Structure formats: C-alpha cells, structure tokens
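Given next are the chains, with one letter for each unit.
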Amino acid sequence: MYKIKILLSFFSLFVLTNNTSNSNAISVIYKIKVLKDNDRKDLDDKTKTTLSSINKALSELEYVLYCNSKSSHYSINDKLAVEDGLAFKLAKKIAGSGIFYKDDSIKIKHKMSFGEKFNVVYPYKDNWIITKDTKIINGYKCYKATTVREEKNYYKDTYQKFFPEVWFAPEIPYQFGPRGLDGLPGLVLEGTINGKTIFYASTIKFDCDDCLQKIIKPKAKKEILKDDYNKLMAEIRKEQE
C-alpha cells in the first residue's frame with residue numbers, strides 16, 4: 001500500500017507539471033466492446049440471437065468526451081447515424097445515456113426522468129488503487145487501477161456492488177474518462193464498470209479549439225444527490241404499480 005501511495009503521488013506530480021503545457025481542450029471518441037456470453041450452454045437459440053443483436057448494436061455506438069485540464073463533458077455521439085430498433089434501445093440502456101459533466105467542484109449526470117430534467121450529483125472521487133500492471137494502448141503506456149462502488153437499490157431494497165477497472169495513460173495529463181470513470185492522473189483509455197461492457201478510446205484529437213464551447217454544465221430545474229435520486233425513482237415506480 002505504501003508503494004501504491006508513492007506511485008500515485010508521482011503520477012499526480014507528473015500531471016500537475018504537465019498541465020501547463022496541455023491546457024488546450026481535447027476530444028476523445030469511445031467505442032464499446034462486449035465480453036460475449038451468448039455461447040453459454042444454458043441459453044436457448046432465441047436468447048442467443050437477441051444477445052448477438054444487442055452486442056452488435058453496442059459495437060456501433062460511440063461516445064464523445066470533451067475536456068480540458070479542469071472540466072469535462074461526456075455523452076453519446078448524437079451525430080452518429082444508428083438504427084432506432086429494440087436492439088439499439090437496449091444497447092443505449094446498457095451503455096448509458098445522458099450527460100456526464102465534471103469540473104473542479106462538482107460531478108453530475110444530466111438525465112431526463114419522467115418528463116423532468118435532473119442534474120444528479122455523483123460522489124466526486126473514487127478510492128482508486130493503482131496497480132503495477134501495465135499495457136500499451138494506442139501507443140501509450142497505461143496503468144491499471146481498480147475500485148469498488150456500492151449502491152442501494154431502493155426499489156428492491158438490496159445493495160449492489162460494482163468493481164470498476166480502468167487503464168489510464170499518465171502521458172496524457174487529463175484526469176477524465178468515459179461514463180464517470182475519472183479522477184486518475186491521466187486520461188482513461190479503457191474502462192469498465194461491470195466487467196462485461198468495456199469502453200475504449202478509438203480516436204483522440206488534441207488541440208481541439210472548438211471543443212471548449214462544448215464543455216458546458218447542463219441546465220436542469222432540479223439538482224439532487226444520487227442517493228436521493230435513486231430513492232425518488234423507486235418511490236415513483238412503486239406508486240405506478
């Protein structure tokens with residue numbers, strides 16, 4: 001653990017000393033790959049076909065991260081022409097929709113629920129553990145980091161645990177990544193929350209002058225803590241039953 005703390009301090013110093021020369025905005029295109037399970041013997045042919053359609057739809061989705069050294073904006077690429085069938089609707093539900101925004105004071109997910117816009121305030125930091133594992137992604141040496149997230153499902157009155165895992169590149173000193181996987185001393189080039197759906201950077205554009213205007217905090221009538229939002233959604237669902 002002592003070595004990990006030293007490693008984290010070194011990375012943080014590396015990022016801070018490089019941010020002065022990397023203050024320009026960048027854009028990152030993230031795509032999705034899925035660890036397939038449609039070859040399982042306990043699945044019937046119809047289920048396997050459905051899973052294959054969803055996995056294909058997931059592989060065609062794209063998400064865009066715009067960020068500079070202080071803030072970020074992440075959302076689905078609306079300019080991408082994709083079908084609007086059931087497989088794509090399910091794929092978007094799995095991969096996530098809405099907008100993730102983060103700056104030096106807040107981290108939110110902007111979403112539409114029951115006809116209302118919410119800015120759901122997420123915990124600002126994860127307790128990342130940086131490991132010694134490395135691999136090369138897009139020509140950059142990346143380090144593996146892991147954490148644990150626990151969330152209560154108020155509708156089912158149960159707790160869920162997630163085990164996010166990311167690979168980040170200290171050479172690209174932006175502390176952001178896909179779908180709220182952030183807070184590390186380097187851009188996240190690959191990450192997963194559930195171990196099955198993996199987001200990976202396919203394209204990085206540096207010195208993106210027109211990206212700054214896209215890093216804007218979404219507006220909403222209601223700003224609510226994530227736990228309170230989950231409670232509210234559970235209450236609404238129960239009332240509708």
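Residues numbered from 1 in each chain as written. Predicted model: local features only at pLDDT ≥ 70, side-chain atom pairs only at ≥ 80, totals over all residues. Heavy atoms only, no water.

A.B. asks: So what exactly am I meant to see when it comes to the confidence of the model for the protein chain here?
C.D. replies: Should the pLDDT be low somewhere, the predicted coordinates at that spot are not to be read in detail. For the protein chain, mean pLDDT is 86; residues scoring 70 or higher make up 85% of the total. Low confidence marks residues 1-10, where pLDDT is under 50. Its contacts with residues over four positions away, or in another chain, come to seven contacts. Counted against residues more than four places away or in other chains, residues 13-22, with its pLDDT under 50, gives 11 contacts. (pLDDT = per-residue confidence, 0-100. Contact = heavy atoms within 4.5 Å.)

A.B. asks: Looking at this structure, I do not really get the layout of surface pockets. What am I missing?
C.D. replies: Over the atoms rolls a probe the size of a water molecule, and in doing so it shows where empty space is left. Its boundaries defined by the atoms lining it, the largest pocket holds a volume of some 1,800 Å³. Lining of the largest pocket is provided by 45 residues; of these, Lys-111, Tyr-122, Glu-151, Lys-226 and Asn-230 occupy positions nearest its centre. Of all the elements in the fold, those that place two or more residues in the lining of the largest pocket are helix H3 (86-95), strand S5 (107-113), strand S6 (116-121), strand S9 (149-153), strand S10 (158-162), strand S13 (197-205) and helix H4 (226-240). The element that contributes the greatest number of residues to the lining of the largest pocket is H4, accounting for seven residues. (1 Å grid on protein atoms, 1.4 Å probe; cavity = no way out; pocket = protein on both sides within 12 Å on 5 of 7 lines; lining within 4 Å. Points joined across faces, edges and corners; volume = space filled by probe spheres on them. Helix = DSSP H or I, 4+ residues; strand = E, 2+ residues; numbered from the N terminus.)

A.B. asks: Sorry if this is basic, but what is going on with the packing of aromatic side chains here?
C.D. replies: Two measures describe an aromatic ring pair: the distance that separates the ring centres and the angle between the ring planes. Going through the model one piece at a time under the given rule, you end up with seven aromatic pairs. Look at Tyr-63 and Phe-199: their rings are 6.0 Å apart centre to centre, the planes differ by 75 degrees, and that puts the pair in the edge-to-face class. Highlighted residues: Tyr-63 in strand S2 (residues 63-67) and Phe-199 in strand S13, separated in sequence by 136 residues. Given the relative accessible area of 1%, Tyr-63 is considered buried. Relative to Phe-168, the ring of Tyr-143 has its centre 6.2 Å away and its plane inclined at 35 degrees; by these criteria the two rings are tilted. Pair noted here: Tyr-143 is in strand S8 (residues 140-146) and Phe-168 is in strand S11 (residues 165-169), with a separation of 25 residues, a long-range link. Linked through ring pairs, Tyr-30, Tyr-63, Tyr-74, Phe-100, Tyr-122 and Phe-199 together constitute an aromatic cluster. Its end group placed over the ring of Tyr-200, Lys-33 keeps NZ or CZ at 5.6 Å from the ring centre. A cation over a ring is seen here: Lys-102 above Tyr-124, with NZ or CZ 4.5 Å from the ring centre. (Phe/Tyr/Trp six-rings, centres within 6.5 Å; stacked < 30°, edge-to-face > 60°. Buried < 20%, exposed > 50% of the residue type's maximum accessible area, 1.4 Å probe, protein only. Lys NZ or Arg CZ within 6 Å of the ring centre and 35° of its normal.)

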